[in-house]
Every structure is written in structure tokens, then in C-alpha cells.
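# Coordinate inspection notes
Here are the chains, one letter per residue:
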Amino acid sequence: MVGTQALLTLTIWFLSLRHGYGRLTRVDVGLLVVASGGVIGWMISANPVVATVCVIGADSVGVAMMLPKTWRDPHSETLLTFAMASLSGLLAFVAVGHLETDLMIYPGYFAVMNGAIATIIWFRRRLMATSAR
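The present account deals with the structure reproduced in this document. (Residues numbered from 1 in each chain as written. Predicted model: local features only at pLDDT ≥ 70, side-chain atom pairs only at ≥ 80, totals over all residues. Heavy atoms only, no water.)

### Details of the pattern of salt bridges
- The full count for this structure, using the stated rule, is one salt bridge.
- Close ionic contact of Lys69 with Glu77 constitutes a salt bridge, the shortest N to O distance being 2.8 Å. (Salt bridge = Lys/Arg side-chain N within 4 Å of Asp/Glu carboxyl O.)

Next comes the structure, spelled out in C-alpha cells:
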């Protein structure tokens, strides 16, 4: 599943470069270096909580890189995808069954972050529709 997601993400990135989108600025490269640090931290950590926090850090950088484009062009993202991802994170969080921090950190993060992105997409689309009238 992770390999497929990585392959599809790279394919989309290469296609965006081919069609004049997706260029990397110096800030983007710096953020990718920070995100890579999170991935490396995840790979080398023997502590599950530390590894999970590293993954969350890396993913948060990716979200930070995506948000300016999402704000400018909310129709370039699929609202339903982020809403359903948020719901899946919430369901995974609830499915843990008992309070166990190391099992709840990532699903909680996933639910909140995807919910926030879905909210931003929804809000911007409504705002743009209102201002277009």
C-alpha cells in the first residue's frame, strides 16, 4: 500500500512538472530536507512513540507545503478524499478501544489534519463562490 501510494505520488509530481506545475523553490527544498529528517528518525527509532512523532513531523511538513496551493485553488483538491480520510482516522482512533497513547497518536493526528484540510477546502470554495456573485 505504501509503495503504491509513493509511486502514484511521484507519477503525479512528474506529470505536474511536465505540465508546468510543481517546481521546487529553495524553501520547498529546505522543507523536504526537514521532512526527510522525520522519515530518517522514523526509520532509526526503536521507540514506537518517537517513530510516530517523527512520521507526524514529516507529514506535517508535507501538509504545510500543500496548504498555500490549496488556499489559492481549493478546486485542485478533492474535498471528499480529505473528509473521508479524516473519518477513517477518527474511526481508527475509536477502534483502539482503550487509552493507549502510542496507538492513538497517529490516528488522532490523521483525523485532525485531514479534517482541517477538508475544512479549508470547503471554506475557500464557499468564500470564492460568494465573492464571484
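Text resumes after the structure shown.
### Focus on a nonpolar patch on the surface
- Side chains of Leu10, Trp13, Phe14, Leu24, Val29, Leu32 and Val33 sit close together on the surface and give an oily, nonpolar patch of about 630 Å² of accessible area.
- Breaking the nonpolar patch down by element, the ones donating at least two residues are helix H1 (2-18) and helix H2 (26-44).
- Relative accessible area serves as the criterion here: at 32%, Trp13 is assigned to the partly exposed category. (Patch = residues over 30% accessible without salt bridge, like charges linked within 9 Å, V, L, I, M, F, W, Y side chains within 5 Å. Areas by Shrake-Rupley, 256 points an atom, 1.4 Å probe, with all protein chains shown as cover. Helix = DSSP H or I, 4+ residues; strand = E, 2+ residues; numbered from the N terminus. Buried < 20%, exposed > 50% of the residue type's maximum accessible area, 1.4 Å probe, protein only.)

### Side note on the packing of aromatic side chains
- Inspection of the entire model under this criterion finds three aromatic pairs.
- An angle of 35 degrees between the planes, with centres 5.8 Å apart, marks the rings of Tyr106 and Phe110 as tilted. In this pair, Tyr106 and Phe110 both sit in helix H5 (residues 101-132), four residues apart, roughly one turn of the helix.
- Looking at Phe110, the relative accessible area reads 26%, which means it is partly exposed.
- Members of the aromatic cluster, connected to one another through ring pairs, are Tyr106, Tyr109 and Phe110.
- Cation over ring: Arg124 sits above Trp71, and NZ or CZ is 4.4 Å from the ring centre. (Phe/Tyr/Trp six-rings, centres within 6.5 Å; stacked < 30°, edge-to-face > 60°. Lys NZ or Arg CZ within 6 Å of the ring centre and 35° of its normal.)

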